[in-house]
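A structural walkthrough
Residues per chain are reported as follows:
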Amino acid sequence: MSVLHFATRQINLQDIGQVCPLVAAVLAPFSTLFDIPALTQEWFAKDDQPFPDVHASLVLSAVGLAFNVVANGLLIVRFSSRYYLWKITTRVSLLCWAIKVIVALINLSVFGSRSKRGDGFTYLEAFWCAVVSVILSGFITIALLIHWIVAFHPSQKEERVTSSEVRITGRHFMLQVTWLVSAIGLGALIFSRIEDWLYFDGIYFMVVSSLTVGFGDFEPTTTAGRIILFPFLFFLVAQLANAIGMIIGFFSDKSKDAQSRHLAEMEKQYHERQDKQNPTPNLDEEIKFLDDVAKMEETKQQKRDIVRSVTYFVTFWLVGAAIFSQLEQWTYGDGLYFCYIFFLTVGYGDFAPQSNAGRVVFVVYSLIAVPVMASFAVQTITSTLQLVSKRRLEHRRQKHDEDYAKKDLEKAARHVFLPHAELVARSRSKSQDDQGPNQDDNSGEKTTNDIHDAENDIAERILQAGVQLEGHARRLLVGLMNADDDNSQRVGMLLKADWNVQRREVLSLLGPDAEEGLDLDGDGKGDFKPGAESDLRRGVQGPEQIIAELKGYRESFATLLAAGSTLKKLEGKERLIFERRREIELAASTSKDRS
């Protein structure tokens, strides 16, 4: 999935309201980081010698940094607060960011003009840090302002854009990025002191090192620097990978949600057409439709991801080459070469940013480029190649193994599953056969005891079907939970833990000397016997078990509906609605054809 892909076909205000504060949470710590060298280093040099800044400019830089730090702190509080405190911190944080932008713009426009200083003056890294910081602060202000407008828009549901999900995610984003930026800032301070560098040179060195590019233009020369570098690199590389994975995961989830909504809409439109054209539902047609739609959507999604990722990558590459070729006075071809060399974290060292503006831009550009490359090279291309490889493997298996197609889950299901209406009808027929033919012929009327016994039989069937239904459902859920998904892992863990507690409580009632296990879960294995291992613990494994459990699940549910309608004494249309079926005539050959 593309890291920058906010996939939705119908962008609405609520989606924007959710993303904007998260964007602000990611950018805010970096704005503060760039403000530090903007205050502590000189903006200008005259004849290659740093020139002291005007006192008023230093005061404005200090004020801007102070508002930046306060605004960052308020953002963290904002993402940790409930509704009323959230309103207050949002207003104050937005105000602080706006003041920061205004102060920085005044500082740059009044004291940052080189033309007012005469000839021989050049911009140093600190000036460009101030420019980058005000740009980032401007984006943050706009994002928070949009979120504020959306959150209190009359047509929007306030609880969604201020929901706990947004607050928790935003706080997590900001804390993770803050840890990363703090490590970069602390490392820059330490190495600037040990290696006698400027503070921004330390920032540049830490970013280049954490990205594993290694141009070789900055390297530790002291023994202390070489020793301290190891723990910093160890933490920075891990934290950077964690932050990138977090951002990629967020946008991938957004993409999956949009894809799910699109699939649901396609199914809705299909069912509306089928209701008009073919009012009699068919299980085989429904399975085939869902199978075809899933494969078609998967293919389309892969194509969309490739197109988007290639577009982002090429655009980023071409624009980056144009920027660095201008800043470093390279040819455009050299700019292209430099960009893909550091994109892929090769870093030969033959090309590296040398200008003051080039290094500042590189720090920002590289931290954006790495997620783009991670999305393009690692995520999209890898997943596409895996999909192609998977389909080619399936094709080879089907070509060389005639029985393979029969083992496929969807195809096997079409041959094994009876329609729901037939399952319910068979369950009713079986129930009537079990009761015996014409048991009321002698009396012509049912006695109270007969009615009571019949109701007890129905109640027993309902209870047995319910327990069997729970067993089939639990085994399917435990077995089919996605191990790579945190929510699925939690659900599977909960189901296993719940079953283990039930089993232990029953065993404690049976006692240690119990020889025969109780078959309470309906699988016929006596799972409640001491020492026995239940299938519910490990779930289902393999297509054959899945088919068997699905078949048992549907049969148990059909039995439950048939017995329930009998117990409720429903007749005619009411009974059919309760049983979720139409009236059919059972054919003796049906079971033979499908078995």
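Residues numbered from 1 in each chain as written. Predicted model: local features only at pLDDT ≥ 70, side-chain atom pairs only at ≥ 80, totals over all residues. Heavy atoms only, no water.

Put simply, the test is: UniProt positions are given in the numbering used here, feature names are shortened, and annotations may be inferred rather than shown by experiment.
As annotated in an unreviewed UniProt entry, the protein chain carries the name Voltage-gated potassium channel and is attributed to Sistotremastrum suecicum HHB10207 ss-3. The UniProt entry for the protein chain carries the following comment under Subcellular location (unreviewed entry): "Membrane".

1. Focus on the overall build of the protein chain
Applicable threshold: For the purposes of this entry, the term helix denotes a DSSP run of H or I that reaches at least four residues, the term strand denotes a run of E that reaches at least two, and both are numbered from the N terminus. The protein chains shown are the only cover counted for residues, whose accessible areas, like all others here, come from Shrake-Rupley with a 1.4 Å probe.
Scanning the protein chain from N- to C-terminus turns up 20 helices and three strands. Only carbon and sulfur atoms are counted for the fraction: they give 58% of the accessible area of the protein chain, which is about 32,400 Å².

2. Quick notes on empty space enclosed by the protein
Our working rule: A pocket here means an open set of points on a 1 Å grid, computed over the protein atoms alone, that has protein on both sides within 12 Å along at least five of seven lines. A cavity is instead a set of points where a 1.4 Å probe fits but cannot get out; residues with an atom within 4 Å of a point line either one. Grid points are joined across faces, edges and corners, and a volume is the space filled by probe spheres set on the points. For this scheme, ten residues count as nonpolar: Ala, Val, Leu, Ile, Met, Phe, Trp, Tyr, Cys and Pro. Four count as charged, namely Asp, Glu, Lys and Arg, and the remainder, Gly too, count as polar.
Taken as a whole and assessed by the stated rule, the structure comprises three cavities of 30 Å³ or more. Of the pockets and cavities examined, the largest cavity occupies roughly 110 Å³. If you go around the largest cavity, you meet 13 residues; those closest to its centre are Asp35, Ser61, Lys100, Ala104 and Asn107. Every element with two or more residues in the lining of the largest cavity is listed here: α1 (13-40), α2 (55-80) and α3 (83-111). Looking at the lining of the largest cavity residue by residue, the class counts come to eight nonpolar, three polar and two charged.

3. Here we look at helix α7 (residues 199-210)
What counts is decided by this rule: Working rule for helices: expected span equals 1.5 Å times residues minus one. Remark: exposure states derive from per-residue accessible area (1.4 Å probe, protein chains only) relative to the maximum for the residue type, with buried under 20%, exposed over 50%, and partly exposed in between.
With twelve residues, α7 should cover 16 Å at 1.5 Å per step; its first-to-last C-alpha distance of 17 Å lies within 8% of that length. Here α7 lies mainly inside the structure; twelve of its twelve residues are buried. Where α7 terminates, the next one or two residues include Thr212, which has phi positive at roughly 60°.

4. With respect to the nonpolar core
Note the following rule: Here, nonpolar core means buried Ala, Val, Leu, Ile, Met, Phe, Trp, Tyr and Cys residues that are tied together by side-chain atoms lying within 4.5 Å of each other. Pairs of residues are marked as contacts when any of their non-hydrogen atoms sit within 4.5 Å.
Formed by 85 residues in total, the largest nonpolar core has its most connected members in Ile203, Phe215, Phe342 and Phe343. Excluding anything up to four places from it in sequence, Phe343 contacts Phe313, Phe316, Trp317, Tyr365, Ala369 and Met373. Leu418, Val424, Ala558 and Ala562 belong to the second-largest nonpolar core, a separate cluster that totals five residues.

5. Looking at the packing of aromatic side chains
Convention followed: Two aromatic rings, drawn from Phe, Tyr or Trp (for Trp, its six-membered ring), form a pair once their centres lie within 6.5 Å of each other, and the interplanar angle then sorts them: stacked below 30 degrees, edge-to-face above 60, tilted otherwise. Note on geometry: a ring has a charge over it if NZ (lysine) or CZ (arginine) is within 6 Å of the ring centre and within 35 degrees of the ring normal.
All chains considered together, the criterion is met by 35 aromatic pairs. Judged by centre distance (3.9 Å) and plane angle (10°), the ring pair of Tyr123 and Phe127 falls under stacked. Each member of the pair, Tyr123 together with Phe127, is buried. Over the face of the ring belonging to Tyr204 we find Arg359, whose NZ or CZ atom lies 5.5 Å from the ring centre.

6. Here's the deal with helix α10 (residues 332-343)
Compared with an ideal rise of 1.5 Å per residue, which puts twelve residues at 16 Å, α10 spans 16 Å between its outermost C-alpha atoms and is within 8% of the ideal. Every buried residue belonging to α10 is among Gly335, Phe338, Cys339, Ile341, Phe342 and Phe343, and all of these are buried. Downstream of α10 by one or two residues, Thr345 has phi in the positive range, about 55°.

7. Concerning the confidence of the model for the protein chain
We count it as follows: The predictor's confidence in any single residue is recorded as pLDDT, a number from 0 to 100.
Residue-level pLDDT values for the protein chain average 77, and 73% of them are 70 or greater. For the protein chain, the element scoring lowest by mean pLDDT is helix α20 (residues 588-594), at 42; α7 scores highest, at 92. Confidence drops under a pLDDT of 50 for residues 1-11, and excluding neighbours within four residues, the segment shows 45 contacts in the predicted structure. Contacts for the low-pLDDT stretch residues 402-406, under 50 throughout, to residues beyond four places or in other chains number five contacts.

8. Quick word on the pattern of salt bridges
Filter applied, for reference: What counts as a salt bridge is simple: a side-chain nitrogen of Lys or Arg found within 4 Å of a carboxyl oxygen of Asp or Glu.
Using the criterion set out here, one finds eight salt bridges in the structure. The closest approach of N and O atoms between Glu579 and Arg581, which form a salt bridge, is 2.6 Å. A residue is classified by how much of its surface remains accessible, and Arg581, at 11% relative accessible area, is buried. Taken together, the shared-partner salt bridges connect Arg428, Arg575, Glu579 and Arg581 into one network.

9. What to know about the sheet that holds strand β2 (residues 49-51)
Note the cut-off: A strand pair is defined by DSSP finding two or more bridges across the two strands. Structural elements are reduced to axes, namely lines fitted to C-alpha atoms, with helices fitted over the stretch in contact, and the angle between N-to-C directions of any two is expressed from 0 to 180 degrees.
Reading across the sheet, the three strands line up as β2-β1-β3 and stay open at both edges, with antiparallel pairing between neighbours. Each edge of the open sheet is held by one strand with a lone partner, namely β2 and β3 (121-123). Sheet twist, expressed as the mean angle between neighbouring strand axes with direction ignored, is 45°. Examined bridge by bridge, strand β1 (residues 44-46) and β2 share three bridges and lie antiparallel to one another.

10. A short note on unusual backbone geometry
Of note, the phi angle at Lys569 is positive, near 60°, even though the residue is not glycine. Position of Lys569 among the secondary structure elements: in the loop between α18 (543-567) and α19 (572-579). For Lys569, a relative accessible area of 58% corresponds to the exposed category. Notably, Arg580 is not glycine yet its phi reads approximately 60°, a positive angle. For Arg580, the position within the fold is in the loop between α19 and α20.

11. Details of the side chain of Lys100
Mapped onto the fold, Lys100 is located in helix α3. In this structure Lys100 touches Asp35, Gly64, Phe67, Asn68, Ser133 and Ser137, once residues within four positions along its chain are discounted.

12. Focus on the environment of Lys256
Mapped onto the elements of the fold, Lys256 is located in helix α8 (residues 223-277). Since its relative accessible area comes to 46%, Lys256 is described here as partly exposed. With 45 residues separating them in the primary sequence, Lys256 and Gln301 have C-alpha atoms 9.7 Å apart.

13. Topic: the environment of Gln464
Its location among the elements puts Gln464 in helix α15 (residues 448-480). The exposure class assigned to Gln464 is partly exposed, which follows from its relative accessible area of 46%. Taking the C-alpha atoms as reference, Gln464 lies 9.4 Å from Thr559; in sequence the two are 95 residues apart.

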